Amino acid sequence: MAAEPTAASRPPADSTNHGFRVVVAWIALSVVATPLVAILVGRLFPPGNGSAQGTEQVLDNTVLLSVITPVVCLLAVFFVYGLRSFHAAPGAVVDGPPLRNDSRIQILWIVGTGVIVLFLAGFGTFELLQNGAGGGQGPNPIAVPGGSKLQVQVIGQQWQFTYRYPSLGGLESNQLVLPENTDVELHVTSLDVIHSFWAYELGVKADANPGSDNVAFVETKGPETFHVRCAELCGLWHGYMYNNGRVVSSAQFQSWASQQKKLYAAIAPFMNKSPADGGAPYSKTYLPLPSERAG
Amino acid sequence: MRPGVKLLLVAAALTAAGVVIGFYVSNLTSLAGSPTYTPPVANASSGHPVVNLQIETVAAVGPKLSPNPDWVSYLIKNNGQWQRKTVWDLPANATVHVTIYNFDGASGLRNPYLARPQGMVGNQILVDGKPTQAVDPNEASHTFAVPALGLILAIPGVADDAKDPCGYAPCPMSNDHRTIQFTFHTTTPGHYRWQCFVPCAAGWIDGFGGPMQTIGYMDGFLNVKA
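Rules of the game
- Residues numbered from 1 in each chain as written.
- Chains lettered and ligands numbered in written order.
- Predicted model: local features only at pLDDT ≥ 70, side-chain atom pairs only at ≥ 80, totals over all residues.
- Helix = DSSP H or I, 4+ residues; strand = E, 2+ residues; numbered from the N terminus.
- Buried ≥ 20, exposed ≤ 12 C-beta atoms within 10 Å, placed from the backbone.
- Contact = placed C-beta atoms within 7 Å.
- Core = buried A, V, L, I, M, F, W, Y, C linked by C-beta atoms within 7 Å.
- Pairing = 2+ DSSP bridges.
- Axes fitted to C-alpha atoms, helices over the stretch in contact; angles between N-to-C directions.
- Parallel < 35°, antiparallel > 145°, perpendicular 65-115°, else oblique.
- Nonpolar A, V, L, I, M, F, W, Y, C, P; charged D, E, K, R; others polar.
- Domains from an automatic or database assignment.

(A) Spatial organisation of the overall build of chain B. Each helix and strand in chain B was counted, giving 1 helix and 14 strands. Viewed in the frame of its principal axes, chain B has a C-alpha envelope of about 80 × 45 × 35 Å. Burial analysis of chain B (226 residues in total) assigns 41% to the buried set. Considering only residue pairs separated by 6 or more positions, chain B has 68% of its internal contacts joining residues 24 or more positions apart.

Structure follows, in structure tokens:
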């Protein structure tokens with residue numbers, strides 16, 4: 001058992017106001033670091049500015065990072081200050097000063113973290129309710145942007161996505177082409193297993209479930225090429241289940257649609273048959289009969 | 001044990017694990033172990049390479065060609081022999097003439113959109129010698145698709161009441177079959193997967209397992225080389 005330190009061996013009482021020092025250092029570091037991080041790092045965040053939803057996601061990530069930065073600064077300052085000021089002297093055999101409860105600090109910590117969490121919850125809810133933030137909202141979406149929208153259906157199948165345009169007579173294509181500056185209503189579904197439609201630069205990600213109509217919204221901006229990937233492990237060729245999509249001018253979209261209609265005409269009679277006859281007229285979901293199809 | 005020795009042992013173990021994982025990934029990506037078919041290449045008068053592929057699609061690959069004799073499969077003809085190889089080396093910017101002999105029955109397309117041949121020369125195929133721009137989805141037996149090249153075509157099946165259907169592969173030409181012909185062009189060098197889109201794995205849940213999920217049966221690669 002260690003001997004009780006005598007009064008003579010105890011270190012002199014520390015009259016330094018460590019809390020004040022830590023707070024000053026923390027505020028100084030936060031005032032410098034937070035705007036720097038928000039400005040320099042925020043703009044590097046995914047998914048970029050390919051759509052209104054993408055821009056909002058960059059803002060969301062920047063706000064999150066800006067809120068986190070002072071917290072990280074506090075931890076870093078306290079860590080460094082503690083190492084520097086509270087370490088035992090070399091060769092010392094005495095205990096450090098005892099840790100005592102301080103209800104003021106506890107309350108401050110609980111209130112501070114509570115405010116941060118509640119703010120982020122409110123901010124996140126506000127962002128989600130604007131237009132769904134690019135996420136799939138199921139068959140009955142809550143956050144529906146106003147105005148007219150171009151409907152596009154995304155169909156997942158092992159292993160590629162195809163796209164149907166109900167406003168163009170239900171034509172189907174393996175190319176996803178969208179007009180610029182347009183509100184698009186994506187209806188995501190699957191013919192077989194669970195896939196996930198992820199249009200990275202557009203900030204859209206929605207699960208493709210068989211028999212389910214998962215609705216997501218996106219507002220396109222200017223012309224661009226974007227990547228589409230499956231984000232749900234879906235079998236042998238999951239890693240190859242990707243293609244490119246394009247946002248084009250309205251004139252180019254009309255031209256593309258005319259060309260696709262001509263190509264589609266060859267199979268339109270088959271597509272428009274009833275499902276019982278092997279057709280697939282446009283529908284929110286499709287449930288091909290696998291038991292009859294296999295073999 | 002001294003801390004330095006411990007650290008050294010941990011570092012050595014991590015390095016060994018990394019090397020093993022590296023070999024495993026390298027083995028996967030290079031498809032080592034998957035038999036590859038390299039067809040003879042002729043040079044057309046234009047100077048572009050020309051390749052002829054003869055393919056057979058069979059309902060049951062048979063015990064001679066697979067440990068899974070009842071699995072549906074593609075076969076490739078090599079020196080007069082049908083072989084179960086679905087990784088094919090092709091030259092870049094080549095003209096590839098393909099003839100598919102299908103001995104399997106119709107099972108239908110899950111997505112009738114795939115009934116329109118696309119991505120080949122003229123966006124049409126010859127079915128038993130007849131130019132075709134759309135196959136009846138109900139008559140489709142399989143598809144041959146190279147999505148990265150935009151190549152998709154449905155393969156019509158043998159009639160249900162065929163008089164002389166093939167049992168196990170390799171199937172002689174005397175058995176009932178359909179003949180599909182088309183020509184496509186390879187592009188830049190790369191590793192292009194091809195697949196069948198019809199869930200045709202009989203005996204598996206919804207037809208999606210077994211030969212549909214195994215390279216060497218209904219899936220493969222085009223290794224397009226410079």
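(B) A look at the nonpolar core. Within the largest apolar cluster, 88 residues are counted, with the highest numbers of intra-cluster contacts made by A:V154, A:L186, A:F197, B:V58, B:A115 and B:A169. With 5 residues, strand β11 (residues 151–156) of chain B is the single largest residue contributor to this core. Non-local contacts of B:V58, meaning those with residues more than four positions away in its chain, are made with B:V72, B:S73, B:L75, B:F103, B:D104, B:C166, B:A169 and B:C171.

(C) Structural view of the sheet that holds strand β4 (residues 176–179) of chain A. Residue and element names in this part refer to chain A. If you walk across this open sheet you meet the 5 strands as β4-β10-β9-β6-β7, and the pairing is mixed. Edge positions in the sheet fall to β4 and β7 (204–208), since each has one partner strand and no second. On average, adjacent strands in this sheet sit at an angle of 20° to one another, irrespective of strand direction. Both strand β9 (residues 224–230) and strand β10 (residues 242–248) contribute to a ladder of 6 bridges, which runs antiparallel. Bridge assignment links V228 to a residue of β10, and that residue is N243. Packing of helix α4 (residues 250–264) onto the sheet brings it into contact with β4 and β10, and relative to β4 it is tilted by some 140°.

(D) Geometry of the packing of helix α2 (residues 52–85) of chain A against helix α3 (residues 103–131) of chain A. All names here are of chain A. One way to put it is that α2 packs onto α3 with a least axis distance of 11 Å and a crossing angle of 180°. Taken together, the axes of α2 and α3 are roughly antiparallel relative to one another. Note on element contacts: α3 touches α2 through I116, L120, F123, E127 and N131, opposite Q53, E56, D60, V63 and V67. In the contact of α2 with α3, the residues fall into 5 nonpolar, 2 polar and 3 charged.

(E) Geometry of the domain arrangement of chain A. All names here are of chain A. Assigned domains within chain A: domain 1 (18–86 + 111–133) and domain 2 (150–288). A separation of 37 Å is found between the C-alpha centroids of domain 1 and domain 2. With 11 residues of domain 1 at the interface, the matching set in domain 2 holds 13 residues. If you tally residues by element for the side of domain 1 that touches domain 2, the top one is α2, at 4 residues. Here the residues of the side of domain 1 that touches domain 2 are counted per class, giving 2 nonpolar, 9 polar and no charged.

(F) Layout of unusual backbone geometry. The linkage connecting A:Q158 with the following residue, A:W159, adopts the cis geometry, with an omega of 5°. A cis amide bond, omega 0°, links B:A169 with the succeeding residue B:P170. Following the sequence through the fold, B:P170 ends up in the loop between β11 and β12 (178–185). Phi is positive for B:N93, which is not a glycine, with a value near 50°. As for its position among the elements, B:N93 is in the loop between β6 (87–91) and β7 (95–102). On the basis of neighbour count, B:N93 is assigned to the partly exposed category, with 14 C-beta atoms found within 10 Å. In this structure, B:D128 takes a positive phi of about 50° despite not being glycine.

(G) Here's a closer look at the sheet that holds strand β1 (residues 150–157) of chain A. All names here are of chain A. Sheet architecture is open: 5 strands sit in the order β3-β2-β1-β5-β8, paired in mixed fashion. The open sheet has two free edges, formed respectively by β3 (171–173) and β8 (214–219), since each of these has just one partner strand. Pairwise comparison of adjacent strand axes, ignoring direction, gives a mean angle of 25° for this sheet. Examined bridge by bridge, strand β2 (residues 160–165) and β3 share 3 bridges and lie antiparallel to one another. Looking at β3, one finds that Y165 is bridged to L171.

(H) Spotlight on the pairing of β6(B). Residue and element names in this part refer to chain B. Taking burial as the measure, the 5 residues of β6 include 4 buried ones, the bulk of the element. Across 2 bridges, strand β1 (residues 36–37) lies against β6 in parallel orientation. Of the residues in β6, the one forming a bridge with Y37 is W88. When β6 meets strand β14 (residues 219–225), the two strands line up parallel, connected through 5 bridges. Counted as the bridge partner of V87 is F221 from β14.

(I) Layout of the interface of chain A and chain B. Taken together, the 24 residues of chain A in the interface contact 26 residues of chain B. Of all the secondary-structure elements, those providing two or more residues to the side of chain A that touches chain B are β2, α5 (268–271) and α6 (290–293) of chain A. Split into classes, the residues belonging to the side of chain A that touches chain B amount to 13 nonpolar, 8 polar and 3 charged.

(J) Focus on the pairing of strand β10 (residues 140–146) of chain B. Residues and elements named next belong to chain B. Burial of β10 is extensive: 7 of the 7 residues sit out of reach of the surface. Where β10 meets β11, 6 bridges bridge the pair, whose relative direction is antiparallel. In the sheet register, A145 faces β11, and the bridge partner there is I152. As consecutive antiparallel partners, β10 and β11 are separated by 4 residues, and within that stretch G150 has a phi angle of approximately 70°, a positive value.

(K) Focus on the environment of A:L202. Its location among the elements puts A:L202 in the loop between β6 (195–199) and β7. Residues A:L202 and A:G245, spaced 43 residues apart in sequence, show a C-alpha to C-alpha distance of 9.9 Å.

(L) How the structure looks around the environment of A:A28. All names here are of chain A. Looking at the element boundaries, A28 is found in helix α1 (residues 18–41). Look at A28 and you get exposed, because 12 C-beta atoms sit within 10 Å. In this structure, the C-alpha to C-alpha distance between A28 and C73, residues 45 residues apart in sequence, is 9.6 Å.

(M) Layout of the domain arrangement of chain B. The assigned domain composition of chain B is domain 1 (1–30) and domain 2 (36–225). Here domain 1 of chain B and domain 2 of chain B have C-alpha centroids that lie 42 Å from each other.

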